Amino acid sequence: MPERSELVSLRCQVNGRPVVAEVEPRLSLADFLRQHLELTGTHLGCEQGVCGACNVLLDGQLVRSCLLLAAQADGLEVVTVEGIGGPGGQLSRLQQAFLDQHGLQCGFCTPGMLLAAEALLRENPKPSRDEVVHAISGVICRCTGYTDIVDAILAARGGQ
Ligand code: FES
Ligand code: FES
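First, a word on what this report is: a plain description of the structure on this page. All of these numbers come straight from a predicted model, not from anything done at the bench.

**Observations regarding the sheet that holds strand E3 (residues 55–58)**
Turning to step 1, where the next piece is worked out: Taken in spatial order, the five strands line up as E2-E1-E5-E3-E4 in an open sheet, and their pairing is mixed. With one partner strand each, in any of the chains shown, strand E2 (17–23) and strand E4 (61–64) form the two edges of the open sheet. The sheet shows a mean angle of 40 degrees between the axes of neighbouring strands, taken without regard to direction.
Turning to step 2, where the next piece is worked out: For strand E1 (residues 8–14) and E2, the ladder comprises seven bridges, and the chain directions are antiparallel. Considered in E2, the bridge of Arg 11 is made with Val 20.
Turning to step 3, where the next piece is worked out: Sheet contacts for helix H1 (residues 29–36): E1, E2, E3 and strand E5 (77–79); angle to E2, the most-contacted strand, approximately 105 degrees.
Turning to step 4, where the next piece is worked out: Running over the sheet, helix H3 (residues 110–123) touches E3, E4 and E5 and is turned about 35 degrees from E3.

What follows is the structure, given as structure tokens:
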């Protein structure tokens, strides 16, 4: 256990809730979310910025949480896959579209895909197919062949 003097203070918003913590300076944002806040919907695949499984929104920007330190979220707003549902715990339009269009199989890539799609649709509510393909190009899916994922995102357009 590190000495308290070795810890850094962190204050941020996570999925709309204030979070105050003391963390190791080297702790990644992904590990902070998963281990300290038990938000295990943020997946870890490669842990080197390649697969996109760890995508979250940081002040609205899509980021790979394995490449950021938790301390870098100080003063900022983090949104994870647990924070993009509909009201009352219902599926959002985007999540429902993934279900309806068979946009997932094993589900490992799904949080990263959803966050990439969420970031796209917030910025561009009516993306073209090419824009959707480009937006998810940083997330690796081993199962689906991507077509159903793209169809799901296209089906969710305009409803964010
Ligand atoms: S786990 Fe972060 S990009 Fe793969
Ligand atoms: S659904 Fe299995 S990796 Fe994408």
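There is more to say, and it comes next.
**Focus: helix H2 (residues 93–100)**
Turning to step 1, where the next piece is worked out: Buried residues of H2: Leu 94, Gln 95, Ala 97 and Phe 98, and no others. Burial along H2 is one-sided: seen end-on, the buried residues are contained in an arc of 160 degrees.
Turning to step 2, where the next piece is worked out: Those residues of H2 that are buried are in contact with H3 and helix H5 (147–155).
Turning to step 3, where the next piece is worked out: Phi for His 102, located one or two positions after H2, is positive at around 55 degrees.

Reading the values: rules and limits
- Residues numbered from 1 in each chain as written.
- Chains lettered and ligands numbered in written order.
- Predicted model: local features only at pLDDT ≥ 70, side-chain atom pairs only at ≥ 80, totals over all residues.
- Heavy atoms only, no water.
- Pairing = 2+ DSSP bridges.
- Helix = DSSP H or I, 4+ residues; strand = E, 2+ residues; numbered from the N terminus.
- Axes fitted to C-alpha atoms, helices over the stretch in contact; angles between N-to-C directions.
- Contact = heavy atoms within 4.5 Å.
- Buried < 20%, exposed > 50% of the residue type's maximum accessible area, 1.4 Å probe, protein only.
- Arc of directions from axis to C-beta.

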